[in-house]
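Listed below are the residues making up each chain.
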Amino acid sequence: VGEDGFLLKQIKQLDRINAHVNVTQLSVKELSANDINTMLSFKLCVPLRLTQDLAEIVHRKTKGNPYFVKEFLQSIMSNTMLNFSVKERRWIWDDEVIDLQMISNGVAELLTKRLHSLAKDKRLALQIVSCIGFQVNGYLLRLLKDSFPFDLMEALDSLVEEGLLEKAGGIYYAFPHDLLYEAAYSLIPVGERKTLHKLIAVVLAKNDTNDQSTAGLAVDQINPWIKDKSILNQEERLLFAKLNLKAGKQAVATCCFSQSRDNFEAGIALLAGNRWNAQYRLSLELYENSAMASFMAGNFDTMPSRLEEILSNAASLQDTLTASALLAKLLASKGQVASAMSNCLDVLQNLGESFPREPSYSDAKNEIDSTRMLLRGMSKEHFKLLPEMTDPTKLDVMRFLSLCCAFADRSMSMLLPFICCRMLQLTLKCGFTDDSLIGLAMISHSLIMFVNDIQLAYHVSKIASLLIENHPQRHFLRAKLAAIYHDQSRWFVEPLQSIRCSYIDTYQSSMIVGDIDSAMNSAYCFCMAGLLEGMKMDTLEENFAWLMQDLTKHQHVLVLNLSMATAHQFVALSGSNLLTDYRFEVNSLQELREVARTTNNVLHEYLIDTVDMLLKCYFREYTSVVEIATKYRSAKAKRVIDIFRVFYGGLASLVLARDTQQDEFRQIGEKSVETMLSWKEHSVWNFENKLMLLQAELYALNNDFNMARSAFQASVESARAHNFIHEEGLALERYGLFLIENRLMNEGRKQINLAIEKYAQWGATKLVESFRGGSTTHELIGHRTSGGDNLGFTASFSFSKWRR
């Protein structure tokens, strides 16, 4: 107990007032290492020789204070560093692990009080370590030893003996507690801190080698002080600008994008006023890397100004290319896809590549058709045997063609075949490059979009996928491809559930390489696929919450608007409060449509309409579904989302055909059956249940009761077998109504209740609620039957919502 402690003060006060209180003082001295060893040996029931090293650690950590000894031993037991082994039938521990345990606050306070009484050399040595960090590599400290008029390493070793520093792994000098670390730094007079930091920074900078930590530590020492123009001369400013560039690149390599951006921005701040004349190459590198790191970190505050300065001061077309590519990505992330596309086409024209700005559908079809025969005989080995592309201009062309692939699909889709076919031509003529994989993938996409050749599209996409997975830069290539295309051919061939899982792999690869565009696209596709495949709503809510947080953090407007459309559908089905937890400028589907039209994002508008069709179909608003489907009646089914447009649009049309007997609705339904039948040839798993439900409705329209009944049952069984719980519910619902219309009341009631159970298992709370309320079931369907029985559904429903 210290002399100034609360307990001794109270005892002294009692003595002064002569209170009749008997006070017995027991003096407990500090325990020696031998005392602690004897105690541990007795308590742990092991020989003294086994506890000796542990006792020395405890003594060093506690300074022999009995209270702190007890506290330290309790802490290592609570942290499971001291355990009883049943196998060895004794207490066991790891001395090295326990040595890493931080000392208690009490011991730290005792040590802190000793700092002021330290010799000047030792105090300065402690301050030097505190300037660099909590734990410092001895190698770095040895670089500093000749900069001070005393033996720095000897002083540090002395501090270790006194317990004010610890030696970690024989390499690092570390403070035993953060309180001691803070106290040591506070001993440096405020006016002298800048000078000491600069001294350390200059020594480390001049001794910079390929050791990654040296450059980073040197700039960490000086960057907080660079606002003071007088701290560095012009030569030193240039030195630290270069070191910030090096440290920033090292941070990018370890995926520390915010840190790298800070380094690049510090480097820019250290450049001369006439930087673009006196320090052109260094300025170009710092500005480019700052903009790139800003994009990777999702921090766009300074990015536009940095790109503008590059484009204004670049000495050649070559020097503008990186900035132009980043500007296109920035525009696209803000939803200005048409501007991004125009920017890339202008660059390509300057590089000698021209493309038609408004090609027709037949032009696009002819372009991809001319490449089909060439592709049929190709394999992965064919591309692996190609030489590497080395022509710098062609490499730049391929880079901007890759960007165009991403933007064309969203705003100028008719241009896509021209772009990807040109990429294939350049690859075969000039050699293979990473961007060749983008060209292959987009050819696969174009084969589906323009000639409906699913088999060849899947073959080409598999070539691209195999080349990527065997590539040493597969994370980078996965990310690069995901920003553009998510292998749509797989949706027509492989089970939907397996495709969804691959989006998480792509998201993780994209985050590893700092490609925020690709990561956000992958996260969105992961959530959208979950909704389309019938993932449970509680799981989807977690997925959407994660997606919205990421999009908000990274300010990715384009994918945010896409996600909002899909999230609206999720909320309408589940009743979740997901969207109320976030505040967005655009909220309703109508507002999202206006944004899509304003930005000329045709794909975005189409996606909104398609998810709206799905939603309205489940809520039995069939007229609205057909009205939306009619907008795209002339469009050929060529995208993933078309699968669901064809299915829900066809289903609603066949329902209305039965109500109205209009031939127009029959034709739409029959066309949907024909399309779904062709898709089923490629994937029974994904399309069989959808085809059977459409065929069941067509049989019902044709008054073929037996065939309709068999098809409804087959659709239910297929949806169940392939884990599409939402479509199983839909098939049961339509089957139940069909039976009721044919006066099989009890059986129909059973199917309806099974449908409601499936919707409940799916988690579609609002959909389940839509069946409840209203009049008696006899009144609800009486207008379609001639006085049948009261059906008595578990959840009665409004018939008017079933057939509009």
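Here, every reference points to the structure presented above.
So, a few notes on the structure that sits alongside this text.

Rules used in this analysis
- Residues numbered from 1 in each chain as written.
- Predicted model: local features only at pLDDT ≥ 70, side-chain atom pairs only at ≥ 80, totals over all residues.
- Heavy atoms only, no water.
- Helix = DSSP H or I, 4+ residues; strand = E, 2+ residues; numbered from the N terminus.
- Contact = heavy atoms within 4.5 Å.
- Areas by Shrake-Rupley, 256 points an atom, 1.4 Å probe, with all protein chains shown as cover.
- Core = buried A, V, L, I, M, F, W, Y, C linked by side-chain atoms within 4.5 Å.
- Buried < 20%, exposed > 50% of the residue type's maximum accessible area, 1.4 Å probe, protein only.
- Axes fitted to C-alpha atoms, helices over the stretch in contact; angles between N-to-C directions.
- Left-handed = near helix turned anticlockwise from the far one by under 90°.
- Nonpolar A, V, L, I, M, F, W, Y, C, P; charged D, E, K, R; others polar.
- Expected span 1.5 Å × (residues − 1).

1. Considering the overall build of the chain
Right, on to step 1. A tally of helices and strands in the chain yields 41 helices and five strands.
Right, on to step 2. When contacts within the chain are restricted to residue pairs at least 6 apart in sequence, long-range pairs at least 24 apart make up 67% of them.
Right, on to step 3. As displayed, the chain offers around 35,900 Å² of accessible surface, 51% of which is attributable to carbon and sulfur atoms.

2. Re unusual backbone geometry
Right, on to step 1. One non-glycine residue, R89, adopts positive backbone phi at about 60 degrees.
Right, on to step 2. Mapping R89 onto the fold places it in the loop between β1 (82-85) and β2 (90-93).
Right, on to step 3. Even without being a glycine, R620 presents a positive backbone phi close to 65 degrees.

3. What about the nonpolar core?
Right, on to step 1. Within the largest apolar cluster, 166 residues are counted, with the highest numbers of intra-cluster contacts made by F407 and W491.
Right, on to step 2. When residues in this core are grouped by element, the largest group, 13 residues, is from helix α34 (residues 640-660).
Right, on to step 3. If you look at the next biggest cluster of nonpolar residues, it comprises 70 residues, including L115, L187, I200 and F240.

4. Regarding the packing of α34 against helix α35 (residues 663-680)
Helix packing for two helices is described by the angle between their axes and how far apart those axes are.
Right, on to step 1. In the contact formed by α34 and α35, the axes pass within 7 Å of each other and the chain directions differ by 145 degrees. As for how α34 packs across α35, the hand of that crossing is left-handed. In contact with D642, I643, V646, F647, G649, G650, S653, L654, L656, A657 and T660 of α34, α35 contributes F665, R666, I668, G669, S672, T675, M676 and W679.
Right, on to step 2. Residue composition of the contact of α34 with α35, by class: 10 nonpolar, seven polar and two charged.

5. Re helix α39 (residues 745-762)
Right, on to step 1. Taking 1.5 Å per residue as the helical rise, α39 with its 18 residues ought to reach 26 Å, and the 26 Å between its terminal C-alpha atoms agrees with that figure.
Right, on to step 2. The complete set of buried residues in α39 reads M745, G748, Q751, I752, N753, A755, I756, K758, Y759 and W762.
Right, on to step 3. Where α39 ends, the next residue or the one after it, G763, has phi of about 100 degrees, a positive value.

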